[in-house]
Amino acid sequence: MGVHEITRVSRHEVVEDERIKIMKKKLLVIMLIAMMVFMAACAAKETKPEEKPQEQAEEAEEEAEEATEEATEEATEEGGAELQIGQVITAAHGNKCFSQVTAVVQGDTIVAAFIDEYQFADGTQVEGVPNSDAVDGFAAGYADGQVLLSKRMETEYYSANMASKAGSTVAIDANYDAIQAFAVGKTIAELEAFKGDEKAVDAVSEATLADTGNYLAAIAEAAKVAQGTPAVTYAGDVSALKLNVQVGAAHGNKCFSTAAALTDGTTIVLSWLDEFQFADGTQVEGVPNSDAADGFAAGYAEGQVLLSKRCEADYYSELMASKGGSTVRIDDNYNAIQAAVNGLTIAEAEGVDAVSEATLADTAGYVALIVEAAKNAK
């Protein structure tokens, strides 16, 4: 190779090196510009100067509502939303009552909720729950002069007490309704975070109850129970569904019954049954606060406690087996009745008087109470 050829090759290599350097510089500049644009966009998105907490809360609520609507639309497009129902018996408010909280979930999001509480009161002032006049039945469990009331059933009486003793301006049922409405669209984790939070009442604009946070946490607890129950598929508008709990007497005079119904006004989508009866306090613990001598327990006749048949299913099912020869547990009976009614129209359910997998003589009474709950859902 001649001298001139060597020189030509060397110059070519130099030119190529320069081009590569220029290209690298250009790429570096482009990457830097892209990074700056990205960071600016993130800053613009995440930084909201002087945004007030109220505005943040409203914005978060709007986002939750939008997410719920989108989930509903997607579920409907895919053939329906998978819904589940559950209930807990707990103590969300002090030691003078117990709470019955029901929740319906779609995944880990609350679709509907219902709160009621039961407390003893002066029998000359209120009628009390069904069978409170059955001296040879349910009423035998009362301390002298006492009856058990549902705060929702006796909302006028209880709200008047709230007003006179604490200056409350919001009725007890309106408080429950506001808390329930706030819970809809929230996740279980979001509601659990409110437990014990005294400032939770500020988050629920229409509620005035000091224990608002505990009620929200109780809804989360019921929602967790729901996640372990059979799901049903609903192809309609989930946001239009209504949940109601009806108090009645589906079985004799020694207990009172409660039935929850989730409905779209025509169909019973989901249901839930439970009953409450007095029992020997040495055999069962009873509902929450049954050990509060200066609270709820003061309403008991000596030696008695009130039990939830679902919560004490083992104990009550053994009684059924020993006294009536029953071979089906009480909770399994309730579940069978619920499964038979779920998916029926209200009119169809009214015609149900027997369920093949249930052995309870008063099956028709339980179905009728579910129907009543559905009819009165608002």
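Everything numeric here is computed off the predicted structure, so don't read it as measured data. Each chain has its residues counted from 1, following the order in which its sequence is written. Given that this is a predicted model, residues contribute local features only at a pLDDT of at least 70 and side-chain atom pairs are listed and counted only at 80 or more, while totals for whole chains, interfaces and linings are drawn from all residues. Heavy atoms from the whole structure form the basis of all side-chain values; hydrogens and water molecules are not counted.

A.B. asks: Tell me about the pattern of salt bridges, residues and numbers included.
C.D. replies: The salt bridge criterion pairs a side-chain nitrogen of Lys or Arg with a carboxyl oxygen of Asp or Glu, the two atoms within 4 Å. Using the criterion set out here, one finds 7 salt bridges in the structure. R152 serves as the salt-bridge partner of D177, at 2.9 Å between the closest nitrogen and oxygen. Within this pair, whereas D177 is found in helix 4 (residues 172-183), its partner R152 is found in the loop between strand 4 (146-150) and helix 3 (155-166), the two being separated by 25 residues in sequence. The partner of D331 in a salt bridge is R329, and the shortest N-O contact between them spans 3.0 Å. For the exposure calls, accessible area comes from a 1.4 Å probe over protein chains only, and a residue counts as buried if that area is under 20% of its type's maximum, exposed if over 50%, partly exposed in between. Given a relative accessible area of 15%, D331 falls into the buried group. The way it works is that DSSP assigns letters per residue, a run of H or I at least four long becomes a helix, a run of E at least two long becomes a strand, and they are numbered from the N terminus.

A.B. asks: I'd like to hear about the packing of aromatic side chains, residue by residue, with values.
C.D. replies: To describe a pair of aromatic rings, one takes the distance between the centres and the angle between the planes. For Phe, Tyr and Trp, rings pair up if their centres lie within 6.5 Å, where Trp contributes its six-membered ring, and each pair is then called stacked (planes under 30 degrees apart), edge-to-face (over 60) or tilted (otherwise). Evaluation of the coordinates by the stated rule reveals 18 aromatic pairs. Here the aromatic rings of Y142 and F278 are separated by 5.7 Å at their centres, their planes lie at 80°, and the arrangement is edge-to-face. Here Y142, found in the loop between strand 3 (109-122) and strand 4, pairs with F278, found in strand 8 (residues 268-280); they are 136 residues apart in sequence, far enough to count as distant. There is no split in this pair, since Y142 and F278 are both buried. With a centroid separation of 6.1 Å and an interplanar angle of 90°, the aromatic rings of F278 and Y300 are classed as edge-to-face. Here the residue F278 occupies a position in strand 8, and Y300 occupies one in the loop between strand 8 and strand 9 (304-308), the gap between them amounting to 22 residues. Across this residue pair, the class does not change: F278 and Y300 are buried.

A.B. asks: Let's hear about the nonpolar core: which residues, and what values?
C.D. replies: Here, the term nonpolar core denotes a set of buried Ala, Val, Leu, Ile, Met, Phe, Trp, Tyr and Cys residues that are joined through side-chain atoms within 4.5 Å. With 31 residues, the main nonpolar core has I179, L191, L216 and I219 as its most contacted residues. Put simply, the parts of the chain that give this core at least two residues each are strand 2 (97-106), strand 3, helix 3, helix 4, helix 5 (188-192) and helix 7 (212-226). In terms of residue count, helix 7 provides more of this core than any other element does, 8 residues in total. When near neighbours in sequence (up to four residues on either side) are disregarded, L191 contacts I110, A183, K186, L216, A217, I219 and A220. It only takes one pair of heavy atoms within 4.5 Å for two residues to be counted as in contact.

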